[in-house]
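Understanding the architecture of this molecule
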Amino acid sequence: YLSYFEAKCTTSKKMMGEAEKVIPGAVQHNLAFNYPFPLAFSKAEGAFLHDVDGNKYIDFLQAGGPTVLGSNPEPVREKVIELLNSCGPSTGLFHEYEMKLASFICHRFKGVEMFRMLGSGTEACMAAVRVARVATKKKNIIKLGGAYHGWSDQLSYGNRIPGLRFLESHGIPLACFKYTQEVFPNDIAALEKQLKWNRIRGGTAAVFMEPMGPESGTRPLDYDYNAQARDLCTKYGALLVFDEVVTAFRIGVDGAQGYFGVTPDLTIFGKVVAGGYPSAGGIGGKTEYMACLAGGLGGKKSKKAHVGGTMAANPLSSAAGYYTVKMIEETNACEVAGKAGDRLTQGLQTLIDTYGLPFVAYNQGSICHLETVGTMLFDINIFRPWEIPAKIKEIHARKDVMTHMGAAYMAEGLVTLAGSRLYTSAADTDEIIDDALTRFE
Ligand code: PMP
């Protein structure tokens, strides 16, 4: 398939050869899925992508999650063009769309009474750490093993691989993790143990979780885990932070918190909140905590959590976000995309069963996972130090498999997120999903 792939994508290959000289790794964004070389795309439309060689792809990357309506929907684009014509992309000053988007979110999300837009999900997670520390006057942050909360220093601890305490990046002094701990997902006793232990070392400011499961649902959480974590946070005076960067407006217009009926103290937004346009991040929460961002409710004695961002809440992203989430609600897009996700996942699992492959397909609505069976998923909680070398070997093997699968899918005209995550959108019809399944086969 590699020679087939290369023959189809000669212009991309040439462009990437040039790009490599001026851009580290040749691309600015998708470093994770560039085997055998990154592709250059020229057009995105609904469920499809077109590359510079004229190949058409069914798009299950969907920009990494933001485009629940499909790529570049016309009604949103028209509104954005209108706004660009009237005031340009940014003013650095208040704009009506900040207000409209914030009101929409506050009305839909049970855990959000106030909302502050920021530049990215990473920034929003950083802001949540700060707000939680100011609001609780406590220090520690607990996250679940295997979670991804952006690439900031203090939250990069244990990224993506539960139990390994593996750092995704070099260049982070261990001191950055002095107040960050990781507990295994689905082990509620371990969470309580850590909360108890933290009482004598500065207290717990926040428990961060992706409510569908670490690395946004790859390792699903037991249905009751969110509610149990909610109770523990209340008991120990820690803020419960739901990182809904992936799930907000994708699982539903009221997010995963609506789905589970569990109300967090702070909610992190990203991706869909700017409708696929730039500057996609935000933090929402109860007034008593969010007020820290503006100096607190206690007058001069209050402490302030300072956050910033030249481009945060610019009119373009706010308007794009507002019209996107409104259209998602009006067209029931989460449900439509979710049904496409069900159809895709069931079809993939049928292929896996038919061919007896060591894979598993599962989904949470429009968030679909196609994983290798084994350590990476469900038996992860039993790591012991002496098991680590074998696990690392297995993890590398899994990564190699997924890299090759991702490239093989690409050769068949299917764009996925690193071969293992597939986002469906409301633009995916039954015919498109069935066409994709034929290509997967
Ligand atoms: N949290 C989660 C759950 C995410 O999936 C991501 C991005 N994939 C982030 C935070 C970071 O968001 P951003 O890429 O906008 O910085």
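Residues numbered from 1 in each chain as written. Predicted model: local features only at pLDDT ≥ 70, side-chain atom pairs only at ≥ 80, totals over all residues.

If you check an unreviewed UniProt entry, the protein appears there as Glutamate-1-semialdehyde 2,1-aminomutase from Desulfoluna limicola. The Cofactor (unreviewed entry) field of the UniProt record for the protein holds the comment "pyridoxal 5'-phosphate". (UniProt positions renumbered as here; feature names shortened; annotations may be inferred.)

**Quick notes on helix H12 (residues 333-355)**
Across its 23 residues, H12 extends 33 Å between first and last C-alpha, which sits within 8% of the 33 Å expected from 1.5 Å per residue. Restricting attention to buried positions, one finds in H12 the residues Ala333, Cys334, Val336, Ala337, Gly338, Ala340, Gly341, Arg343, Leu344, Thr345 and Leu348. Directly after H12, the chain includes Gly356, whose backbone phi takes a positive value near 60 degrees. (Helix = DSSP H or I, 4+ residues; strand = E, 2+ residues; numbered from the N terminus. Expected span 1.5 Å × (residues − 1). Buried ≥ 20, exposed ≤ 12 C-beta atoms within 10 Å, placed from the backbone.)

**Observations regarding the sheet that holds strand E3 (residues 56-59)**
With respect to topology, four strands assemble into an open sheet ordered E1-E2-E3-E13, the strand pairing being mixed. Across the chains shown, the open sheet's two edge strands, defined by having one partner strand only, are strand E1 (41-45) and strand E13 (414-415). Relative to E13, E3 runs parallel, the two being bridged by two bridges. Bridged to Ile58 within E13 is Leu414. (Pairing = 2+ DSSP bridges.)

**A look at the pairing of strand E4 (residues 114-118)**
For E4, a buried count of four out of five residues is recorded, marking the element as mostly surrounded by other parts of the structure. With five bridges joining them, E4 and strand E10 (residues 281-285) adopt antiparallel strand pairing. The partner of Arg116 across the bridge, within E10, is Ile283.

**A short note on the packing of helix H4 (residues 96-108) against helix H11 (residues 315-330)**
Packed helix pairs are characterised by how far apart their axes lie and by the angle those axes make with each other. Direction vectors running N to C along H4 and H11 enclose 35 degrees, while the axes themselves pass 8 Å from each other. Our pair here, H4 against H11, has a crossing hand that is left-handed. Contact with H4, carried on its side by Tyr97, Glu98, Lys100, Leu101 and Phe104, involves Pro315, Ser318, Ala319, Gly321, Tyr322, Val325 and Lys326 of H11 and no other residues of that element. A class-by-class count of the residues in the contact of H4 with H11 yields seven nonpolar, two polar and three charged. (Axes fitted to C-alpha atoms, helices over the stretch in contact; angles between N-to-C directions. Left-handed = near helix turned anticlockwise from the far one by under 90°. Contact = placed C-beta atoms within 7 Å. Nonpolar A, V, L, I, M, F, W, Y, C, P; charged D, E, K, R; others polar.)

**A short note on unusual backbone geometry**
A cis amide bond links Tyr35 to the next residue, Pro36, at an omega of 0 degrees. Topologically, Pro36 is positioned in the loop between helix H2 (10-22) and E1. A positive phi is found at Ala63, a non-glycine position, where the angle reads about 60 degrees. Mapping Ala63 onto the fold places it in the loop between E3 and helix H3 (74-87). Phi angles above zero are rare outside glycine, and Ser216 is one such case at about 40 degrees. Looking at the element boundaries, Ser216 is found in helix H7 (residues 214-217).

**Details of the environment of Gly285**
With respect to the helices and strands, the residue Gly285 is situated in strand E10. For Gly285, a count of 30 C-beta atoms within 10 Å puts it in the buried group. Taking the C-alpha atoms as reference points, Gly285 and Lys110, separated by 175 residues in sequence, lie 8.9 Å from one another. Contact partners of Gly285, with chain neighbours within four places excluded, come to Gly111, Val112, Met114, Asp265, Leu266, Thr267 and Met290.

**What about H3?**
The end-to-end C-alpha separation of H3 is 20 Å, in line with the 20 Å expected for 14 residues at 1.5 Å each. Considered for burial, the residues of H3 that qualify are Val76, Val80 and Leu83. The arc enclosing the buried residues of H3, seen along the axis, measures out at 65 degrees, which places them on a common side. Across from the buried face of H3, at angles greater than 90 degrees, the exposed residues are Glu74, Glu78, Ile81, Glu82, Asn85 and Ser86. Residues of H3 that are buried in the fold lie against H11. (Arc of directions from axis to C-beta.)

**What about the nonpolar core?**
Ala128, Val131, Ala132, Ala206, Val207, Leu239 and Val241 are the most contacted members of the largest nonpolar core, which has 119 residues in total. The element that contributes the greatest number of residues to this core is helix H5 (residues 121-136), accounting for ten residues. Residues from two domains meet in this core; each of domain 1 (2-69 + 332-440) and domain 2 (74-330) gives at least three. (Core = buried A, V, L, I, M, F, W, Y, C linked by C-beta atoms within 7 Å. Domains from an automatic or database assignment.)

**Re the environment of Thr331**
Note on placement: Thr331 falls in the loop between H11 and H12. Classification of Thr331 as partly exposed rests on a count of 15 C-beta atoms within 10 Å. Spatially, the C-alpha atoms of Thr331 and Leu69 are 9.1 Å apart, while their sequence positions differ by 262 residues.

**A few points about the domain arrangement of the protein**
The domain boundaries assigned to the protein delineate domain 1 (2-69 + 332-440) and domain 2 (74-330). If you average the C-alpha positions of domain 1 and of domain 2, the two centres end up 26 Å apart. Taken together, the contact pairs 22 residues of domain 1 with 26 residues of domain 2. Looking at the side of domain 1 that touches domain 2, the elements with two or more residues in it are H12, strand E12 (367-372) and helix H13 (388-411). Looking at the side of domain 1 that touches domain 2, its residues break down into twelve nonpolar, eight polar and two charged.

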